[in-house]
Amino acid sequence: MEYKEEESVSFSHIGREWHIYRADMESLWESMGNNQDAIQAFYEDERLPYWAELWSSGFGLATWLKQNEGSIAGNVCLDLGCGLGFTALCGTVCKAKVLACDYEKQALDLVRFNALKNAVLICEEYEDVWQSPVPVLCPLLLDWRVPCVEEKKFPFIWASDIAYERKFMPEILKFLDYALTADGVFWIAEPGRAIYRYFLEEVKNFPFTIKKVHAELTPKISEHILPAHVNIWEIKRK
């Protein structure tokens, strides 16, 4: 895929400059309309190209990761539904080794491109991440309903704006129960959407506690990425 400069956004956040390329949303919508498999995936799985945009919640999550740099540094962490890869890249800047996970191959291709543009080291082999002596980002194709990672392996998992549909919420929590270590932590960023009330309720059906740990008004980045009041929720095992 060719990435266009006019689709990119440059900004400063967590103490450094970023240059993040986005996908051409108009082209993606057009291709979906002409692709029977994509249409079928939409009806079966609400599979829309949310990954192609840089969302405000990611900036709140990036701030929180920077504030917790001392905790995540040196650990293998998992960015769930990484999209363009911004918060995964932020994790590596905070000295973590990060699995940038998405179930869209196109998203992971763009993650690789954004890592290159932002001078973040890429590791293509999942097994090598654990042995890396330095912070590194590893793109990983992952469907949280059918995990391809080891059980109880990750001390930190984070996500930004991934719960768009109520039916996905128990699936996300099942994945967390599967993937988090015994004392692991999950952070999810969201911009106060009403749908997240159901997420808070669904947590009660799992062996987790949840609390709000951070809130901020994110900056205006561009004409498309406007300020938003973003909340960070922390989930731990009981």
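Presented here is a report on the structure given in the accompanying data block. Remember, it's a predicted structure, so these values are computed and weren't measured experimentally.

A word on the overall build of the protein chain
The number of helices and strands found in the protein chain is nine helices and nine strands. Long-range contacts, defined as pairs at least 24 residues apart, comprise 69% of the intrachain contacts of the protein chain with a sequence gap of at least 6. Carbon and sulfur atoms provide 51% of the accessible area of the protein chain, an area that totals close to 11,100 Å².

Observations concerning the packing of helix α3 (residues 57–67) against helix α5 (residues 86–93)
Each pair of packed helices can be described by the angle between their axes along with the distance between the axes. Following both chains from N to C, one finds α3 and α5 inclined at 15 degrees, their axes separated by 9 Å at the closest point. Taken together, the axis directions place α3 and α5 in an arrangement best described as roughly parallel. The two elements α3 and α5 meet at a crossing, and its hand is right-handed. In contact with G58, F59, L61, A62 and L65 of α3, α5 contributes F86, T87, C90 and G91. Taken together, the residues that form the contact of α3 with α5 break down as six nonpolar, three polar and no charged.

Digging into helix α6 (residues 105–117)
In this model α6 runs 19 Å from its N-terminal to its C-terminal C-alpha over 13 residues, within 8% of the 18 Å that 1.5 Å per residue would give. Along α6, the residues classified as buried are A107, L108, L110, V111, N114 and A115. For α6, the angular spread of buried residues about the axis comes to 160 degrees, placing them on one side. The outward face of α6, more than 90 degrees from its buried face, is lined by the exposed residues K105 and L116. Where the residues of α6 are buried, they touch β2 (16–21), α5, β4 (97–102) and β5 (137–141). Once α6 finishes, A119 follows within two positions and takes phi at roughly 55 degrees, a positive value.

Here we look at the packing of aromatic side chains
Think of a pair of aromatic rings as described by two things: how far the centres are apart, and how the planes are tilted against each other in angle. Counted according to the given criterion, the structure contains 13 aromatic pairs. Judged by centre distance (5.4 Å) and plane angle (80 degrees), the rings of F11 and F86 are edge-to-face. Here F86 lies in helix α5 and F11 lies in strand β1 (residues 8–13), a separation of 75 residues in the sequence. Residue classification places F86 among the buried positions, given a relative accessible area of 3%. When the centroid spacing of 6.3 Å and the interplanar angle of 70 degrees are considered together, the rings of W144 and F168 count as edge-to-face. Placement of W144 in the loop between β5 and β6 (154–160) and of F168 in the loop between β6 and α8 (169–179) is noted, with a sequence separation of 24 residues between them. Accessibility classification places W144 together with F168 in one group, the buried group. Members of the aromatic cluster, connected to one another through ring pairs, are F11, W18, F59 and F86.

Cut-offs and rules
Once a new chain begins, its residue numbering starts again from 1 and follows that chain's sequence as written. Restriction of local features to residues with pLDDT of at least 70 applies here, the model being predicted, together with a cutoff of 80 or more for giving and counting side-chain atom pairs; totals for whole chains, interfaces and linings are based on all residues. Only heavy atoms go into the side-chain values, all of them from the structure, while hydrogens and water stay out. Numbering goes from the N terminus for both helices and strands, where a helix is a DSSP run of H or I of at least four residues and a strand is a run of E of at least two. Throughout, a residue-residue contact means that at least one pair of heavy atoms, one from each residue, lies within 4.5 Å. For the accessible areas, the method is Shrake-Rupley and the probe is 1.4 Å, while residue cover comes only from the protein chains on display. Simply put, an axis is a line fit to the C-alpha atoms, just over the touching stretch for a helix, and the angle between two N-to-C directions goes from 0 to 180 degrees. Reported orientations rely on four angle classes, namely roughly parallel under 35 degrees, roughly antiparallel over 145, roughly perpendicular from 65 to 115, and oblique for the rest. By convention the crossing between two helices is left-handed if the near helix lies anticlockwise of the far one by an angle smaller than a right angle, and right-handed if it lies clockwise. Each residue gets one of three labels, nonpolar for Ala, Val, Leu, Ile, Met, Phe, Trp, Tyr, Cys and Pro, charged for Asp, Glu, Lys and Arg, and polar for the others, Gly among them. Residue count minus one, scaled by 1.5 Å, sets the expected span of a helix. Any residue under 20% of the maximum accessible area for its type is buried, any over 50% is exposed, and the rest in between are partly exposed; the area is computed with a 1.4 Å probe on protein chains only. The directions from the helix axis to the C-beta atoms form the arc being described. Pairing of aromatic rings covers Phe, Tyr and the six-membered ring of Trp, with a centre-to-centre limit of 6.5 Å; geometry is then stacked below 30 degrees between planes, edge-to-face above 60, and tilted otherwise.

Purely spatial values, then, with no claim about function.
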